[in-house]
Amino acid sequence: MEINWSTLAGVFAVSLGVTVVVVVMFSLGLTAWARAGHGQPASDVARARHQKMATSAAVLCFASCLAVAAYGIDLIVPG
């Protein structure tokens, strides 16, 4: 049995890279969600705009994590 070490190293590097990206995106999503104020009403217009931007950023980060997970499941599950 022969192991192609360069291919194995490539798969390891891509897996590690995708894992780091997903963890960072999820962490950024949690940070943005916390800065959004968890949906509490804002007292002024500038604060309301900040909450909307933070909520949008959080949703975008969580959606990217979900997309990567769904793509991984699609690769694994035959169909």
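Placed above this text is the structure.
Being a predicted model, the structure only gives us computed values, none of them experimental.

**Examining the packing of aromatic side chains**
Turning to step 1, where the next piece is worked out: Tallied over the full model, the rule gives one aromatic pair.
Turning to step 2, where the next piece is worked out: An angle of 55° between the planes, with centres 5.3 Å apart, marks the rings of phenylalanine 26 and phenylalanine 62 as tilted. Taken together, the residues phenylalanine 26 in helix α1 (residues 5-35) and phenylalanine 62 in helix α2 (residues 45-76) connect sequence positions 36 residues apart.
Turning to step 3, where the next piece is worked out: Residue phenylalanine 26 is classed as partly exposed on the basis of its relative accessible area, which comes to 40%.

**Some details on α2**
Since one α-helical turn is 3.6 residues long, residues separated by three or four positions face the same way.
Turning to step 1, where the next piece is worked out: Between the first and last C-alpha of α2 there are 47 Å, a value that for 32 residues agrees with the 46 Å anticipated at 1.5 Å per step.
Turning to step 2, where the next piece is worked out: Within the span of α2, buried status applies to Gln51, Ala54, Ala58, Cys61 and Cys65.
Turning to step 3, where the next piece is worked out: In this structure, the buried side of α2 is in contact with α1.

**Observations concerning the environment of threonine 55**
Turning to step 1, where the next piece is worked out: Relative to the helices and strands, threonine 55 resides in helix α2.
Turning to step 2, where the next piece is worked out: Separated by 25 residues in the primary sequence, threonine 55 and leucine 30 place their C-alpha atoms 9.9 Å from one another.
Turning to step 3, where the next piece is worked out: Excluding residues within four positions of it along the chain, threonine 55 makes contact with Trp33 and Ala36.

**What to know about the side chain of glutamine 51**
Turning to step 1, where the next piece is worked out: Within the secondary structure, glutamine 51 is located in helix α2.
Turning to step 2, where the next piece is worked out: Exposure remark for glutamine 51: the relative accessible area of 11% places this residue in the buried category.
Turning to step 3, where the next piece is worked out: A distance of 3.3 Å separates a polar atom in the side chain of glutamine 51 from the backbone oxygen of alanine 36.

Calculation criteria
Residues numbered from 1 in each chain as written. Predicted model: local features only at pLDDT ≥ 70, side-chain atom pairs only at ≥ 80, totals over all residues. Heavy atoms only, no water. Phe/Tyr/Trp six-rings, centres within 6.5 Å; stacked < 30°, edge-to-face > 60°. Helix = DSSP H or I, 4+ residues; strand = E, 2+ residues; numbered from the N terminus. Buried < 20%, exposed > 50% of the residue type's maximum accessible area, 1.4 Å probe, protein only. Expected span 1.5 Å × (residues − 1). Contact = heavy atoms within 4.5 Å. Polar contact = N/O pair within 3.5 Å; in protein donor to acceptor, adjacent residues only side chain to side chain.

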